[in-house]
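Results of the structural survey
Residues per chain are reported as follows:
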Amino acid sequence: MMSKEEKASLLSVYRHLPQTNCGECGAPSCMVFASKLLNREATLEDCSPLMKPKYKEQMARLTEMLAPPVKEVIIGVGENAVKIGGKEVMYRHELTYHNPTAIAIDISDTMEDKKIVDRCNAVESFILVRIGERLKLNMIALRCKSKDPDRFAFVASLIEKSCKLPLILCSFDPNILKVALEKKEIADKRPLLYAATEDNWREMVNLSKHYDCPLTVFAPNNITLLKSMTRTLKATGIHDMVIDLGTYTEGKLLKENINNLVMVRRAAILRRDQDLGYPIMCIPATVWVGEKLDPVTTSYREAYVASLFIDRYSDLLVMHTMDIWSLIPVLTLRQNIYTDPRKPVSVESGLRTIGSPDEESPLLLTTNFALTYYTVINDMESSGIDCYLLVVDTEGLAVEVSVAGGQFTSANVKDLFSSVGIEEKVRHHKLIIPGLAARLKGDIEDATNWEVLVGPRDSSQIKSYLAKNWTAR
Amino acid sequence: MEEKETKILAKNLIELVEKFGDIEIENVEIRADELTLILQPITSSLEQAPHLVSRVIEKEIETLLVAEFSPPIEVYPGEIAEVQIGATKSDGGSRRKVVKIGGAKSMPFYSFEATDQNKPVLAVDVFDMPIKLAKSVKQHFKDVMEDPAEWAKKYVEDFDAEIVSLNLISTDPLIKDTSVKDAAKTVEQVLQAVDVPLIIGGSGNKAKDPLVLEAAAEVSSGERCILNSANADNDYKKIVKAAKQYGHSVIAFTPMDINNQKKLNRYLLDEGLPKEQIIMDPTTAALGYGLDYTLSLMERIKLAGLLGDSDLQMPIVAPTSNAWGAREAWMKSEEWGPRELRGPLWETITTITVMMSGGDLFMSSHPATLRVVKKMMQNLYGEVESEQRTQDWISEIQG
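So, here is what we can say about the structure in this document. (Residues numbered from 1 in each chain as written. Chains lettered and ligands numbered in written order. Predicted model: local features only at pLDDT ≥ 70, side-chain atom pairs only at ≥ 80, totals over all residues. Heavy atoms only, no water.)

Secondary structure assignment for chain B yields 14 helices and 10 strands. Buried residues in chain B amount to 59% of all 399 residues. Long-range pairs, those at least 24 residues apart, make up 70% of the contacts in chain B between residues at least 6 apart in sequence. Put simply, chain B shows about 17000 Å² of open surface, and 48% of that area lies on carbon and sulfur atoms. (Helix = DSSP H or I, 4+ residues; strand = E, 2+ residues; numbered from the N terminus. Buried < 20%, exposed > 50% of the residue type's maximum accessible area, 1.4 Å probe, protein only. Contact = heavy atoms within 4.5 Å. Areas by Shrake-Rupley, 256 points an atom, 1.4 Å probe, with all protein chains shown as cover.)

So, in structure tokens, the structure goes:
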């Protein structure tokens, strides 16, 4: 079903702006501001005239026009609230993917209280720092395995007391969720209710409305049923929904699952099918269903299943593993996929000082590919050495690639030497190049008349390399 | 439905509401698209009695509204060329079977709109001299690393490898400067040791690679190997000539740039090499080290080909064993957990992601990656029945 709404275009957005070209938003004209709005580089709130009452109607119109085809849903409250969805494109190169896939870790209400508290703390304090960003786990999914409403409600409170992360309350029995929601401290945190099904949706709708909580709509492997349900729920006045098409991790059903995810997202974005314009939830934790599972292979499996779902439009995942080796690649993939492809991949070339180097200090070299650069600089700074780092312009390519592709050459190095005035900084005429650029040693020596030392292949080895090999004389 | 009719219906409904307060439409199925049409005029025309409207909307729904869904299928004007790797006796070679890649008519694994595409394939990395490998890979091959033929054999026999990618790195003048003749001999030995198709790679030395690949092409004449690689910096004409003369395909390598890839492909096409003998290598970065650029690059290339850009309609090769360059894959670290697990998982996830973004042929190295990715492809192609019985993960997850 096509939406009757006006599709946002540069002109249609411009038409509803005040057209005063006042510049208060920082853009030189309303037309430029319109293009920033479309690129998500500005928000309507940046336009102060638009906030005036006389523009109320235009504001409403623009809000509607600029709403992403996949609704943005907020779970939880306050600074730990998690925003999911808000997607606008099928491929990240078309714009960028907004709102990284949230990751919830499951807790069963049959676990011992102490274990529950420990697990909460472990989830909340989990931090992985990569390229200057703190990667975290985002939520707790509480599963009602006990079938006991009071136990479930008790554990929900226990989690609420132990950590600040938003909750997903999981049970297909509305009466169980109800007892938990009757506790004010739980309902006030606006947990995600999981889940409305073909059978229980009336009761779930009542809970979702009464307690003003977002609701997951669960229709395993059935898009038509899913559409029926979201359409019905929307008609009853529910707006914050998350959709779950079931999670199948192997065999033909995995194929259908992946196809379903693509079809749902494509229908939402390209057909503007409003019934399907909601964030998608997948449960990699299902790999832990079964008898006598080997914990290592299952953890491994959960990580690549989770990755597959991140690759295919999942906005929210529930995972079970807390194995660090299994979570690191998943969080790294999420970081990769959700970086803005419009941002430059390179840093400025030039000379950096690490610590307080003098004219006897080592001189190292790396490329201006942002990832290489940040990794190298992090390693050097954390190792507490004093030295110089030359950042050569390889058009934003990594060492190995730019050596092969001819962006990293002795001529680049020579030019960089003169532009930073290297002769005035160090006296020793020795340059350490990355191990992966070893084959440029001769060329650079010929071009600069400096002695070239081949450093380690990975910057984590720089400290020990210098300790063993460096002498200015 | 005509707009006029809608208004009449809406009016009737309003009158009903005014008359009876709440109306019960239990067990009456309203087609959902009718409902939206009815309700919208009411909400806009009934500002005087919004409370009534909300009662109508929210109370009447006792059964699910009906919805229909048809798959959002797109038809692309272009398609990706099919490349055959290897030749059996009947084609003039000596391989047990051939492997075909490419032929896509849609984006990867969109089987709701295009079936019958070739599955991506995993090749394995073998080198003509012992090299530095991550410990978790090395442990499987340390006894065969002196002999590339044995190394290849182990991959094929023990780990079911479908293609061997032989890298003649010792030919690099800065490494061992192995002669062109000796390199060709290595190729012959590997061809004799295994009966799967072969990718033959040079050392990356731009002066020597064309010579090495030319000689390799000659000794493997008729086997439909893949020569790795032609690029803008080496004598690609020589490589193309050898490929044409001896019946091989060529990898066109460019560092991370769609326009350069297109240009290089054009050069090869202009030399008379057909699309069916070209595979693109637009650069594969490791998870965490630029995989996002690779992902978007491959999606853009694949889309461009499907939309009809005939310079980009070749299958894509991805050396996903580059994942081992990531420190998370090999570095010893308490904090990160055992590297024996981290390493293969890093390669597995790199490979899966590249597979979902458009890679057709991978070069990987860890047996776990081979096993997992192969199985996943079979699943994604619907070749395996599912055993999964339940969706009640809430109560059935262990622990």
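Following the structure, the description resumes.
So, on to the overall build of chain A. Broken down by element type, chain A carries 18 helices and 17 strands. In terms of its C-alpha atoms, chain A occupies a principal-axis envelope of roughly 80 × 65 × 40 Å. For chain A, with 473 residues in total, the buried portion stands at 58%. A sequence separation of at least 24 residues applies to 67% of the contacts in chain A between residues at least 6 apart. Surface accessibility of chain A: about 19000 Å² in total, with carbon and sulfur atoms responsible for 49%. Averaging the coordinates of the 58 positive side-chain charges in chain A and doing the same for the 61 negative ones gives two points 4 Å apart. (Lys, Arg positive; Asp, Glu negative; His and termini not counted. Charge placed at Lys NZ, Arg CZ, Asp CG, Glu CD.)

All names here are of chain B. Within the secondary structure, Asp311 is located in the loop between α10 (291–306) and β9 (317–318). Taking relative accessible area as the criterion, Asp311 reaches 9% and is therefore assigned buried. A polar side-chain atom of Asp311 sits 2.7 Å from a polar atom in the side chain of Arg266. Residues within four places of Asp311 in sequence aside, it is in contact with Lys262, Asn265, Arg266 and Leu269. (Polar contact = N/O pair within 3.5 Å; in protein donor to acceptor, adjacent residues only side chain to side chain.)

A surface patch of like charges, here negative, comprises Glu146, Asp147, Glu150, Glu157 and Asp158 of chain B. Here Asp147 of chain B lies in the loop between α4 (135–141) and α5 (148–159). (Patch = residues over 30% accessible without salt bridge, like charges linked within 9 Å, V, L, I, M, F, W, Y side chains within 5 Å. Salt bridge = Lys/Arg side-chain N within 4 Å of Asp/Glu carboxyl O.)

This brings us to a positive patch on the surface. A contiguous patch of positive charge, built from Arg457 of chain A together with Lys132, Lys135, Lys138, Lys142 and Lys332 of chain B, is present on the exposed surface. Tracing the backbone shows Lys135 of chain B in helix α4.

The next thing to look at is the sheet that holds strand β5 (residues 198–201) of chain B. Residue and element names in this part refer to chain B. Spatial ordering of the open sheet is given by β8-β7-β6-β5-β4-β3-β10-β9, a layout of eight strands whose pairing is parallel. Each edge of the sheet is formed by a strand with only one pairing partner; in this case those strands are β8 (278–281) and β9. Here three bridges tie β5 to strand β6 (residues 226–230), and the two strands are oriented parallel to one another. Each residue of the ladder has a partner; that of Ile199, found in β6, is Ile226. Across the face of the sheet, helix α13 (residues 367–380) comes into contact with β3 (121–127) and β10 (361–364) while running at roughly 165 degrees to β3. (Pairing = 2+ DSSP bridges. Axes fitted to C-alpha atoms, helices over the stretch in contact; angles between N-to-C directions.)

Right, let's get into the packing of helix α15 (residues 410–420) of chain A against helix α17 (residues 441–448) of chain A. When two helices pack together, their arrangement is given by the angle between the helix axes and by the axis-to-axis distance. Residue and element names in this part refer to chain A. Their axes nearest at 9 Å, the elements α15 and α17 cross at an angle of 40 degrees. It follows from the interaxial angle that α15 and α17 lie oblique. The way α15 lies across α17 gives a crossing that is right-handed. Residue-level contacts link Ser410, Val413, Lys414 and Phe417 of α15 to Asp443, Ile444, Ala447 and Thr448 of α17. Residue composition of the contact of α15 with α17, by class: four nonpolar, two polar and two charged. (Parallel < 35°, antiparallel > 145°, perpendicular 65-115°, else oblique. Left-handed = near helix turned anticlockwise from the far one by under 90°. Nonpolar A, V, L, I, M, F, W, Y, C, P; charged D, E, K, R; others polar.)

Attention now moves to the interface of chain B and chain A. Contacts between the two partners involve 90 residues from chain B and, on the opposite side, 99 residues from chain A. Summed over both sides, the interface of chain B with chain A buries roughly 8200 Å², with 62% coming from carbon and sulfur. Interface area lost by chain B to chain A is led by Phe69, Trp393 and Ile394 of chain B, which between them contribute 10%. Applying the counting rule to chain B against chain A returns eight salt bridges. Its salt-bridge partner being Lys252 of chain A, residue Glu385 of chain B comes within 2.7 Å of it at the nearest N-O pair. (Buried area = accessible area lost by both parts, 1.4 Å probe.)

Residue and element names in this part refer to chain A. With parallel pairing, the eight strands of this open sheet are ordered in space as β10-β9-β8-β7-β6-β3-β12-β11. The sheet is open, and its two edges are formed by β10 (241–244) and β11 (281–282), each paired on a single side. Taken together, the four bridges between strand β3 (residues 102–108) and strand β12 (residues 316–319) define a ladder with parallel strand orientation. Counted as the bridge partner of Ile103 is Leu317 from β12. Those strands touched by helix α5 (residues 149–162) are β3, β6 (139–143) and β7 (167–170), and its axis lies near 165 degrees from that of β6.

Moving on, we get to unusual backbone geometry. Omega for the bond connecting Tyr194 of chain A with Ala195 of chain A falls within 30 degrees of zero, at 0 degrees, which places this linkage in the cis form. Counting through the fold element by element, Ala195 of chain A comes out in strand β8 (residues 192–196). In this structure, the amide linkage connecting Asn228 of chain B to the following residue, Ser229 of chain B, adopts the cis form with an omega of 10 degrees. Tracing the backbone through its elements, the reader meets Ser229 of chain B in strand β6. Phi is positive for Asn221 of chain A, close to 50 degrees, though the residue is something other than glycine. Looking at the secondary structure, you find Asn221 of chain A in the loop between β9 (215–218) and α9 (223–235). The backbone of Asp160 of chain B sits at a positive phi, close to 60 degrees, despite the residue not being glycine. Here Asp160 of chain B is to be found in the loop between α5 and β4 (163–167).

If you check α10 of chain B, its first and last C-alpha atoms are 22 Å apart, about what 16 residues at 1.5 Å a residue would give, namely 22 Å. Positioned one or two residues after α10 of chain B, Gly308 of chain B has a phi angle of 115 degrees, which is positive. (Expected span 1.5 Å × (residues − 1).)

Looking now at the pattern of salt bridges. Under the definition given, this model contains 42 salt bridges over all chains. As a salt-bridge pair, Arg151 of chain A and Asp113 of chain A come within 2.9 Å of each other at their nearest N and O atoms. Taken together, the residues span a long stretch of sequence, with Arg151 of chain A in helix α5 and Asp113 of chain A in helix α4 (residues 113–125) at a distance of 38 residues. Residue classification places Asp113 of chain A among the partly exposed positions, given a relative accessible area of 31%. Measuring nitrogen to oxygen at the nearest pair gives 2.8 Å for the salt bridge that ties Asp458 of chain A to Arg327 of chain B. Of the two residues, Asp458 of chain A is situated in the loop between β17 (451–454) and α18 (462–469) and Arg327 of chain B in helix α11 (residues 327–330); the pairing between them involves two chains. As far as burial versus exposure is concerned, Asp458 of chain A and Arg327 of chain B are alike and both buried. Residues joined in a network through salt bridges with shared partners are Lys262, Arg266, Asp270, Asp309 and Asp311 of chain B.

This next bit is on the nonpolar core. Membership of the largest hydrophobic core comes to 210 residues, with the highest contact counts inside it found for Ile159, Ile168, Leu169 and Tyr194 of chain A together with Val164 of chain B. Top contributing element to this core by residue count: helix α10 (residues 251–270) of chain A, with nine residues. Counting 21 residues, the second-largest nonpolar core is a separate cluster that includes Leu416, Phe417, Ala437 and Val452 of chain A. (Core = buried A, V, L, I, M, F, W, Y, C linked by side-chain atoms within 4.5 Å.)

A word on a nonpolar patch on the surface. On the surface, Leu10, Leu11 and Met31 of chain A cluster together into a nonpolar patch covering about 250 Å² of accessible area. One can find Leu10 of chain A in helix α1 (residues 10–16).

Take the packing of α4 of chain A against α5 of chain A next. All names here are of chain A. The geometry of α4 relative to α5 is characterised by a closest axis approach of 9 Å and an angle of 40 degrees between their N-to-C directions. Judged on the interaxial angle alone, α5 and α4 are oblique. In terms of crossing hand, the pair formed by α4 and α5 is right-handed. Contact with α4, carried on its side by Asp113, Ile116, Val117, Cys120, Asn121 and Glu124, involves Arg151, Phe154, Val155, Leu158, Ile159 and Ser162 of α5 and no other residues of that element. Residue composition of the contact of α4 with α5, by class: seven nonpolar, two polar and three charged.

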